[in-house]
Amino acid sequence: QGIKAVCCYNHLVRGKYGERRSMAEDTEKLTALISETVAALTDLEGRLHLVQARVSGLGFFARGFVEKDVSGATGRTFGDWVSACERLRGKLASARVPSMGEARALILEELPRVAVFRQYLLRAPQKITMVPTAVLKPQQRGELLDQVARQGESLQRLEALLQRVA
């Protein structure tokens, strides 16, 4: 794990094309990137809480369908996604440059899951529009579609930031 952290740090120091940059410059850039990623995770947590609250306000059948669909497609419930965001945010917020082995390992573990969740959200509007009006009122449908779109944008941004940090 230490060797991997050194290799990752050397890649960061040498840059993509082998140019040499100062250690202070690299540390500053990585620290800024980590701060941006922590902010994106905080934003995602807020959006997940909002979607979770909207889903809990749905009728019994609609709520059960959404919760089962999310957990079946992503392997996690909304609560599990919130916990994962909190864990990753905490790890990144406490990470020290250049020794970020644990944080990078967690990022590499979470990246495929984030991609699955993002892909699920891309397909979610089609599923939401198929729900009968008797189960999902038009206003609720509009709010849910809006939240799903925003959630997808947040996840896409977060995924890109996590890839840069890793």
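Treat the numbers as computed from the prediction; the structure is a model and nothing was measured. Sequence positions are assigned chain by chain, starting from 1 and proceeding in written order. Residue-level local features of this predicted model are given only where pLDDT is at least 70; pairs of side-chain atoms are given and counted only at 80 or more, and the full residue set underlies all totals for whole chains, interfaces and linings. Values reported for side chains reflect all heavy atoms of the structure, with hydrogen atoms and water molecules removed beforehand.

Asker: Which residues make up the packing of aromatic side chains, and what values do they have?
Answerer: Pairing of aromatic side chains requires ring centres within 6.5 Å, counting the rings of Phe and Tyr and the six-membered ring of Trp. Pairs whose planes differ by under 30 degrees are stacked, by over 60 edge-to-face, and all others tilted. Tallied over the full model, the rule gives two aromatic pairs. Judged by centre distance (5.4 Å) and plane angle (75 degrees), the rings of Phe 60 and Phe 61 are edge-to-face. Here's how the labels work: a residue is buried when its accessible area is under 20% of the maximum for its type, exposed when over 50%, partly exposed in between, all with a 1.4 Å probe on protein chains only. Note on Phe 61: relative accessible area 66%, which makes it exposed. The criterion for a charge sitting over a ring is simple: Lys NZ or Arg CZ within 6 Å of the ring centre, and within 35 degrees of the ring normal. Stacked on the ring of Trp 81, the Lys or Arg Arg 76 has its end atom at 4.7 Å from the ring centre.

Asker: Please provide a residue-by-residue account of the packing of helix α3 (residues 60-74) against helix α5 (residues 101-130), values included.
Answerer: Orientation is described by lines fitted to C-alpha atoms, with helices fitted over the stretch in contact, and by angles between N-to-C directions that extend from 0 to 180 degrees. Secondary structure counts use DSSP, requiring at least four H or I residues in a row for a helix and at least two E residues in a row for a strand, with both numbered from the N terminus. Contact geometry for α3 and α5: axes closest at 10 Å, N-to-C directions at 140 degrees. Judged by the sense of rotation from one axis to the other, the crossing of α3 with α5 is right-handed. Within the contact between the two elements, α3 uses Asp 69, Val 70, Ala 73 and Thr 74 and α5 uses Val 116, Phe 117, Tyr 120 and Lys 127. For the contact of α3 with α5, a count of residues per class yields five nonpolar, one polar and two charged. By the definition used in this description, the sense in which the near helix is turned from the far one sets the handedness, with an anticlockwise turn below a right angle giving left-handed and a clockwise turn giving right-handed. Contacts are assigned to residue pairs that have any heavy atoms within 4.5 Å of one another. Lys, Arg, Asp and Glu make up the charged group, whereas Ala, Val, Leu, Ile, Met, Phe, Trp, Tyr, Cys and Pro make up the nonpolar group; the residues left over, Gly among them, are polar.

Asker: Tell me about the pattern of salt bridges, and name the residues and values.
Answerer: The salt bridge criterion pairs a side-chain nitrogen of Lys or Arg with a carboxyl oxygen of Asp or Glu, the two atoms within 4 Å. Using the criterion set out here, one finds twelve salt bridges in the structure. Between Lys 91 and Glu 102 there is a salt bridge whose closest N-O contact spans 2.9 Å. One end of the pair, Lys 91, is in helix α4 (residues 78-94); the other, Glu 102, is in helix α5, with eleven residues separating them in the sequence. Between Arg 113 and Glu 110 there is a salt bridge, with the nearest N and O atoms lying 3.3 Å from each other. Of this pair, Arg 113 and Glu 110 are both found in helix α5, three residues apart, which corresponds to roughly one turn of the helix. Within this structure, Arg 76, Arg 87, Glu 109, Glu 110 and Arg 113 form a network of salt bridges that share partners.

Asker: Summarise the packing of α4 against α5; cite the residues concerned and give the values.
Answerer: The contact between α4 and α5 brings their axes to 10 Å, and the two run at 150 degrees. Classed by the angle they form, the pair α4 and α5 counts as roughly antiparallel. Classified by chirality, the crossing of α5 by α4 is left-handed. Facing α4, whose interface residues are Phe 78, Trp 81, Ala 84, Arg 87, Leu 88, Lys 91 and Leu 92, α5 presents Glu 102, Ala 103, Leu 106, Ile 107, Glu 110, Arg 113, Val 114 and Phe 117. With respect to orientation, any angle under 35 degrees is reported as roughly parallel, any angle over 145 as roughly antiparallel, any angle of 65 to 115 as roughly perpendicular, and every other angle as oblique.

Asker: Outline the nonpolar core, supporting the account with residue identities and numerical values.
Answerer: Buried Ala, Val, Leu, Ile, Met, Phe, Trp, Tyr and Cys residues form a nonpolar core when they are joined through side-chain atoms within 4.5 Å. Formed by 42 residues in total, the largest nonpolar core has its most connected members in Ile 34, Leu 48, Phe 78, Leu 92, Met 100, Phe 117 and Leu 162. At the level of elements, α2 (23-56), α3, α4, α5 and α6 (138-165) are the ones that each hand at least two residues to this core. The residues contacting Ile 34, other than those within four sequence positions of it, are Leu 92, Val 97, Met 100 and Val 165.

Asker: Outline a nonpolar patch on the surface, listing residues and values.
Answerer: Any residue with relative accessible area above 30% and no salt bridge may belong to a patch, with like charges joined within 9 Å and the nonpolar Val, Leu, Ile, Met, Phe, Trp and Tyr side chains within 5 Å. The protein chains shown are the only cover counted for residues, whose accessible areas, like all others here, come from Shrake-Rupley with a 1.4 Å probe. On the surface, Phe 60, Phe 61 and Val 135 cluster together into a nonpolar patch covering about 360 Å² of accessible area. Counting through the fold element by element, Val 135 comes out in the loop between α5 and α6.

Asker: Kindly report on the environment of Gly 57, identifying the contributing residues and their values.
Answerer: Along the chain, the position of Gly 57 falls in the loop between α2 and α3. In the structure, Gly 57 is positioned 83 residues away from Gln 140 in sequence and 9.2 Å away in space, judged by C-alpha atoms.

Asker: Which residues make up the confidence of the model for the protein chain, and what values do they have?
Answerer: pLDDT measures the predictor's confidence residue by residue and takes values from 0 up to 100. This prediction gives the protein chain a mean pLDDT of 83; 84% of its residues lie at or above 70. Per-residue pLDDT, averaged within each element of the protein chain, yields its smallest value for helix α1 (residues 2-14) (48) and its largest for α4 (93). Scored below 50 in pLDDT, residues 1-7 makes five contacts in the model with residues more than four places away or belonging to other chains.

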